[in-house]
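# Remarks on the overall topology
Chain residues, written in single-letter form:
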Amino acid sequence: MNRYLISLAAIICAIGAWAYDGTKLWLPQQATGGTSPEITSPKSKDSVVAVAVGELRDSWHGAPVKMVLKKDKALGRDGFRIIPSEGGLTLSASEPSGLLYGAYYLLRKQDSGQSVDTEITDVPRYDLRILNHWDNLDGTIERGYAGHSLWKWDELPDVESPRYREYARVNASIGINGTVLNNVNASSKILSHDYLLKVAKLADIFRHYGIRVYLSVNFASPMQLDGLSTADPLDKGVAKWWKNKADEVYSLIPDFGGFLVKANSEGQPGPCDFGRSHADGANMLAEALKPHGGIVMWRSFVYSPSDPDRAKQAYVEFEPLDGQFAPNVIVQIKNGPVDFQPREPYSPLFGAMPATKQMAEFQVTQEYLGHSNHIAYLAPMWKEFFEYVSPESISAVAGVANVGDDSNWTGHPFAQANWYAFGRLAWNPDEDASTIAREWLELTVVEDDMPENVKSGLVDMMVTSREAVVDYMMPMGLHHLFAFGHHYGPEPWCDVPGARPDWLPKYYHRADSAGLGFDRTLSGSGAVSQYPDSLAGVLNDADQCPEEFLLWFHHVPWNKTLKSGDTMWNTLCRHYESGYDAVKRYQSVWDSAKPYVDEALHQDVSRRLIAQARDARWWKDACLLYFQQYSNMPFPKDVEAPEHTLDAMKKVNLGITNYESPSMDSLDAVR
Ligand code: BDP
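Heads up: these notes are all about the structure in this document. (Residues numbered from 1 in each chain as written. Predicted model: local features only at pLDDT ≥ 70, side-chain atom pairs only at ≥ 80, totals over all residues. Heavy atoms only, no water.)

A separate point is the sheet that holds strand β5 (residues 120-122). With respect to topology, five strands assemble into an open sheet ordered β1-β2-β4-β3-β5, the strand pairing being mixed. In the strand order of this sheet, the two ends are held by β1 (39-40) and β5, each with one partner. Bridge count for strand β2 (residues 65-69) against strand β4 (residues 88-93) is five bridges, and the pairing is parallel. Bridged to Met-67 within β4 is Leu-91. (Pairing = 2+ DSSP bridges. Helix = DSSP H or I, 4+ residues; strand = E, 2+ residues; numbered from the N terminus.)

Before going further, it helps to spend a moment on the sheet that holds strand β11 (residues 329-334). As summarised here, the arrangement of the eight strands in space is β6-β7-β8-β9-β10-β11-β12-β13, forming a closed barrel in which the pairing is parallel. Averaged over all pairs of adjacent strands, the angle between their axes in this sheet comes to 25 degrees, without regard to strand direction. Sheet analysis places strand β10 (residues 295-299) next to β11, joined by four bridges and oriented parallel. Bridged to Arg-299 within β11 is Gln-332. (Axes fitted to C-alpha atoms, helices over the stretch in contact; angles between N-to-C directions.)

A large share of strand β8 (residues 212-216) lies buried, amounting to four of its five residues. Where strand β7 (residues 178-180) lies against β8, three bridges are found, and the strand directions are parallel. Each residue of the ladder has a partner; that of Val-180, found in β8, is Tyr-214. Handedness of the β7-helix α5 (residues 193-207)-β8 crossover: right-handed. (Buried < 20%, exposed > 50% of the residue type's maximum accessible area, 1.4 Å probe, protein only. Right-handed = clockwise from strand over helix to strand, strands pointing away.)

Turning our eyes to something else, we now look at the packing of helix α2 (residues 47-59) against helix α3 (residues 96-111). The axes of two packed helices give the description: the angle between them and the distance between them. Following both chains from N to C, one finds α2 and α3 inclined at 15 degrees, their axes separated by 8 Å at the closest point. Between α2 and α3, the angle falls in the class roughly parallel. In this structure, α2 crosses over α3, and the sense of that crossing is left-handed. Mapping the contact onto sequence places Val-48, Val-49, Val-51, Ala-52, Glu-55, Leu-56 and Ser-59 in α2 and Pro-96, Ser-97, Leu-99, Leu-100, Ala-103, Tyr-104, Leu-106, Leu-107 and Gln-110 in α3. For the contact of α2 with α3, the class distribution of residues is twelve nonpolar, three polar and one charged. (Parallel < 35°, antiparallel > 145°, perpendicular 65-115°, else oblique. Left-handed = near helix turned anticlockwise from the far one by under 90°. Contact = heavy atoms within 4.5 Å. Nonpolar A, V, L, I, M, F, W, Y, C, P; charged D, E, K, R; others polar.)

Turning our eyes to something else, we now look at the nonpolar core. Among the nonpolar cores identified, the biggest contains 220 residues, and Phe-206, Trp-419, Leu-572 and Phe-627 are the most heavily contacted of them. By residue number, the principal contributor to this core is helix α18 (residues 599-631), which donates 13 residues. (Core = buried A, V, L, I, M, F, W, Y, C linked by side-chain atoms within 4.5 Å.)

Attention now goes to the packing of aromatic side chains. A full pass over the atoms with the stated rule returns 44 aromatic pairs. Note on Tyr-250 and Phe-256: the rings are 5.6 Å apart at their centroids and 85 degrees apart in plane angle, and the pair reads as edge-to-face. Of the residues examined, Tyr-250 reaches a relative accessible area of 7% and is grouped as buried. A relative accessible area of 1% places Phe-256 in the buried class. Between Trp-409 and Trp-419, the aromatic rings sit 6.0 Å apart at their centres with planes inclined by 50 degrees, giving tilted as the arrangement. Taken together, the residues Trp-409 in the loop between β13 (396-400) and α11 (416-427) and Trp-419 in helix α11 connect sequence positions ten residues apart. Ring-pair connections join several aromatic residues into one group, and the members of that group are Trp-26, Trp-151, Tyr-164, Tyr-167, Phe-206, Trp-409, Trp-419 and Tyr-420. For Lys-334, the ring lying beneath its charged end belongs to Phe-301, and the centroid distance is 3.3 Å. (Phe/Tyr/Trp six-rings, centres within 6.5 Å; stacked < 30°, edge-to-face > 60°. Lys NZ or Arg CZ within 6 Å of the ring centre and 35° of its normal.)

Written out as structure tokens, the structure is:
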């Protein structure tokens, strides 16, 4: 063993057990022992280098580290190399940000008890690894379940919350290098001079951690802010307005990243309002940003009724535009074709626009996965996406943030793991979901004396948790069975007079006496044909279609015999049961961890698991009782009989908006 490994091990023992503090996320806790080794910094006045050096000086207890800045093409902008030798470690990078990521790499290894004894070169897969905040300027967060916005717009730019720096630091520690501050349903006010001064203040803080600021912009800003008569992207006055605005932004924020745009979607203005295409709109903005090196992330989340099947609409609108986007435009596509459901097939737009830069949009906030009441570790979902969409085929990854001003940042303590995993996978999509889960546990909740069998129980709980949610909410390809508005509980029966049909569950599940599911085969909506031929053939055939997507692509008779040898109805019932059983299992797994985790944390998660188990039961009863009206088949013997009646389930009204997560009290009152 290298002598530095021995001292590292000794120091980890010296640090010993510490009280879990949700405010610190996974960053190094204060050490109580050990000596500080020598950290040699390169000659550089760059503030990012200073932060990197400071992090190691404050928290690194291993071998001496020599930090070197030297151009090395193989490392790109953000990569780093660590070479161990008898004299210590050499950490080298081409740019300051590489040194910062290298420093956090070392601290991560140290704090999760791993050694650094072989040479490593670590280069991120994507240059852009970005969070999208859906934060409104009034402090609310659309689909946020961890309190209010971190950005205190009323106080900025004069008052600097200490959390701004901490936010930048934790992001940098997992490799995130960009942040879009405001909601895609954007207020044009964000581009007013007063707000730009506030944005500039945040950018000044984040810059030291290698994080660039981006803004969501409202396409009608020239009309709303300055009274122009049009926002037509081909109008010279409009283009000039955006050019001037971009110049103003860069005069305040020289390293500003660019714009994110939701256009002609869910009531947002866009180029189509003026008879222009998405490419016309994106390119006009791209032209304004180009002289400054900025980019446009143009979202493909559109669903105008170009086709009766909503799952086909983004493809129908965007695929014909391939090759028309400017080089500094990236089309940002949600992972699935509908809307962040617990499970969706990948969006067929990926791979269908070879002459266009594309990026994936994942949702870290759990809009459709139990808000901050349920454990749903999402890395397996994102890995599933990468099984179908090769990481090389896209240019960047964005995650809709789950961060708010709650003292533990994310509401559910385990939701921190999703923020963490998002960063780790945006850096390297080949990382393994369970390795990341274990690493996060070791950096956070797990104390040193936890036996391996308990630890692996927790890893298993995390890794299976997303599938459990799928099982108790909408297995086998079912989707959008959610209550209208808040997207928390089940309402497969939901009817809202006057609502768009494709906002209602019945549009998606299509339950009738003949069967269940949306027929998207060639004889149905034809959505399968948007996928490459080899896959389309498999998806089109109910006997070959993977069971997890069966009801997404097929309307399946209740008594059809599936591969398992059982009927569709029985298989469906068992999925619901197994999701519910999994949560009950998680309760005992978490109980077994009690002696080895912080007491307050244990209580907090236990409480949330009680809610999750009740919700799982609620979902199972509501969906199965509702569907049974159509299947007219009994529940299999091994599936527990419903505890509730359908009528009682239909009366549940959480009385919450889409900005809130139901409180435990409100859940107790209604269930
Ligand atoms: C849906 C959300 C809605 C967002 C929209 C979007 O329900 O609040 O505005 O996505 O991504 O999932 O634009």
